[in-house]
Every structure is written in C-alpha cells, then in structure tokens.
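Observations on the model geometry
If you want the building blocks of each chain, they are given just below.
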Amino acid sequence: TQLNYRAAQGMQPTLQLTDVRGRVVQTMQLPNHEGTYTLDATELGTGIYFCSLVSGTEVLATQKVSVVRE
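So, a few notes on the structure that sits alongside this text. (Residues numbered from 1 in each chain as written. Predicted model: local features only at pLDDT ≥ 70, side-chain atom pairs only at ≥ 80, totals over all residues. Heavy atoms only, no water.)

1. Section: the pairing of strand β6 (residues 58-67)
For clarity, the cut-off: Between any two strands, pairing holds if DSSP finds at least two bridges. Here a strand is any run of E in DSSP of at least two residues, a helix any run of H or I of at least four, and the numbering for each starts at the N terminus.
Two elements, strand β5 (residues 47-55) and β6, share nine bridges in a ladder whose sense is antiparallel. Within the sheet, the bridge partner assigned to Ile-48 lies in β6 and is Ser-66. Connecting β5 to the antiparallel partner β6 that follows it, the hairpin turn spans two residues, and Gly-56 within it adopts a positive phi of roughly 65°.

2. A few points about the sheet that holds β5
Here is the rule: Fitted lines through C-alpha atoms serve as axes, helices being fitted only where they are in contact, and the angles separating the N-to-C directions of these axes extend from 0 to 180 degrees.
Read from one edge of the open sheet, four strands run β3-β2-β5-β6, paired in antiparallel fashion. With partners counted over all chains shown, the strands left at the sheet margins are β3 (24-29) and β6, one partner each. Each strand axis lies, on average, 20° off the axis of its neighbour in the sheet, ignoring direction.

3. A closer look at the side chain of His-33
Condition: Each residue is assigned to one of three classes by its accessible area relative to the maximum for its type, calculated with a 1.4 Å probe on protein chains only: buried under 20%, partly exposed between the two thresholds, exposed over 50%. N or O atoms within 3.5 Å of each other form a polar contact, as long as, within protein, one can give a hydrogen and the other can take it, and as long as residues adjacent in sequence are counted only when both atoms are side-chain atoms. When checking whether two residues touch, look at their non-hydrogen atoms; a contact exists if any pair is within 4.5 Å.
One can find His-33 in the loop between β3 and β4 (34-38). On the basis of relative accessibility, which here comes to 16%, the residue His-33 falls in the buried class. Of the polar contacts made by the side chain of His-33, one reaches the side chain of Gln-9; its length is 3.0 Å. A distance of 3.3 Å separates a polar atom in the side chain of His-33 from a polar atom in the side chain of Glu-34. The contacts of His-33, once residues within four sequence positions are left out, are Tyr-5, Arg-6, Ala-7, Ala-8, Gln-9, Gly-10, Met-11 and Pro-13.

Below you can see the structure in the form of structure tokens.
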C-alpha cells in the first residue's frame, strides 16, 4: 500500500501504525516532509489498522488501512 503524505516544510514526520485497540505496531521515521511511503504489511495479521502521520506530539492525519489475508 502506498501512502502519500505532506507535513509543514522543515518537519520530519513519523508514520505510526496502530491496531484497533490503539497499540502501536509499527513506527517509521519518514525522510522528508512530503512524499510517498510504501507500507510493508507482510508481518501484519488480517485486520483493520490506523496509519497516522505524526509530528512531535501532534497527529497531522490518520487513515484507515485494511489488511486481508487469504
């Protein structure tokens, strides 16, 4: 899954993936304030996750991600 992101100039945001219970399952430091990140879901189980763009303690945006395994 590719996620497009944009934060204010000069910020280096973090991408935080949480499960439906609010537990952080992955944290990725992003290299730039904007770009595209490819989420590797190979180690995630089937379920719904929330991907949040975070800068410091501020959540800039959150997107729901569904992982389906057959």
